[in-house]
Amino acid sequence: MELQELYKKIKEKEDRQSALLATVLDGAHRGEKLLLIDGEIQGKTGVSDFLPRHREELCKGKSTGMLSLEGSQVFLEKIGSAPTLAVCGGGYVASAVVRMGRNLGFRIVALDDRPRFADAVRRAGADEVWCEPFEKGLEKISGSENTYFVIATRGHRYDMECLRAAVRKKHAYIGVLGSRRRAALLRNMLLEEGFLEEARALHVPIGLSIGAKTPEEIAVSILAELIQEKSKTGSAGAYEKELLELLSGEREAQKRKILVRIVSRKGSAPREVGARMLILEDGQTVGTIGGGCMESAVIQKALLLFHSGTEKYRSLAVDMTGREPEESDMACGGSIEVFLELQA
């Protein structure tokens, strides 16, 4: 399979599907890739059966990181989908969550049965707004391991209506705005209806305890909790839309590109394993692996790779703990290893 076709498969993956992308980093099979969607092989590059032979071992990988197979290092990417944030309610807190959530990369669906409040979350920037009874609107949300529910309606009855619908769907998080007294009522309701695990996982009162008072402060506490939960998944996250369009050949198909990924990390490096950046031959970049002098140095090495003639792959170790990073305002410390791949 052509490399562009493999990335088209990733782009066309449904939100509910899980995906793993394995890349061999060294040895005789360096650069070969295998794409698994819901555990089934959906694409590969290279002529050998090295990666398909290890399909079961790859499927057992729970998070993004390195594996050793037959003496070769393999980078396994658990590819997430763009997270969906379903906001039930259109009040001041809900509107603040919508505004801030967009800046954090969430696709936002908002629901309220009152036109004035539905308009408020629409103006706040929700991608989709459904002005209809909550129960009917929630039927349109299929749910996935990357769906986050924030319930902030105008009353207990509506909270329970939304909560009943949300717990029956696949989800990453459910949080309800309310007091500790309301928390006890909602948990008891879930227990009585047989949702033991969901009752334990329910976030109510919603948000991290930071002493928030205003709608904006409460929204910060809620989104901080969402980020905290999202970081537990071990996923490299979704590929950015622009990055996938370039990798799949939908845009700039004739231009050569280099994909840079962080494959290992130690200490307090700014970005996690799996962070991606695409470098075009003219020096343009999409995405980031941390910025600063470190990223600039990687870009310079990548540009040299364009002119190497025969080399398609390169591994780089970047140390951010020494004197030079400190003098360059990069005193975050830590080190990373990046893998560069020329996309011819």
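Quantities reported herein were computed from a predicted structural model and do not represent experimental measurements.

Calculation criteria
- Residues numbered from 1 in each chain as written.
- Predicted model: local features only at pLDDT ≥ 70, side-chain atom pairs only at ≥ 80, totals over all residues.
- Heavy atoms only, no water.
- Helix = DSSP H or I, 4+ residues; strand = E, 2+ residues; numbered from the N terminus.
- Buried < 20%, exposed > 50% of the residue type's maximum accessible area, 1.4 Å probe, protein only.
- Contact = heavy atoms within 4.5 Å.
- Phe/Tyr/Trp six-rings, centres within 6.5 Å; stacked < 30°, edge-to-face > 60°.
- Lys NZ or Arg CZ within 6 Å of the ring centre and 35° of its normal.
- pLDDT = per-residue confidence, 0-100.

Peer 1: What am I meant to see in the environment of Ala 199 here?
Peer 2: When you line up the elements, Ala 199 lands in helix H9 (residues 196-201). Exposure remark for Ala 199: the relative accessible area of 4% places this residue in the buried category. The spacing of Ala 199 and Gly 91 is 108 residues in sequence and 25 Å in space, taken between C-alpha atoms. Not counting residues up to four positions away in its chain, the partners in contact with Ala 199 are Arg 187, Leu 190 and Leu 191.

Peer 1: For this particular structure, what's the right way to read the packing of aromatic side chains?
Peer 2: To describe a pair of aromatic rings, one takes the distance between the centres and the angle between the planes. For the structure shown, the criterion picks out five aromatic pairs. Residues Phe 106 and Tyr 148 carry aromatic rings whose centres are separated by 5.7 Å and whose planes lie at 80 degrees to one another, so their mutual orientation is edge-to-face. Of this pair, Phe 106 sits in the loop between helix H4 (92-103) and strand E7 (107-111) while Tyr 148 is found in strand E9 (residues 147-151), placing the two residues 42 residues apart along the sequence. The exposure class of Tyr 148 is buried, given its relative accessible area of 0%. Each residue in the set Phe 106, Tyr 148 and Tyr 173 is aromatic and connected to the rest through ring pairs, giving one cluster. Lying over the aromatic face of Phe 117, Arg 114 brings its terminal NZ or CZ to 3.7 Å of the ring centre. The cationic tip of Arg 154 hangs over the ring face of Tyr 158; the distance from NZ or CZ to the ring centre is 4.1 Å.

Peer 1: I would appreciate a short explanation of the side chain of Glu 229 in the present structure.
Peer 2: Mapped onto the secondary structure, Glu 229 falls in helix H10 (residues 215-230). With residues up to four places along the chain from it excluded, the contact list for Glu 229 reads Tyr 173 and His 203.

Peer 1: I tried to follow the confidence of the model for the chain on my own but got confused; where do I start?
Peer 2: Low pLDDT marks regions whose predicted coordinates should not be analysed in detail. Considering every residue of the chain, the mean pLDDT works out to 89; 95% of them sit at 70 or more. Taken element by element, the chain is modelled with least confidence in helix H13 (residues 323-327), mean pLDDT 46, and with most confidence in helix H5 (residues 115-124), mean pLDDT 97. Below a pLDDT of 50 lies the segment residues 323-331, which in the model reaches nine contacts outside its immediate sequence neighbourhood of four places, other chains included.

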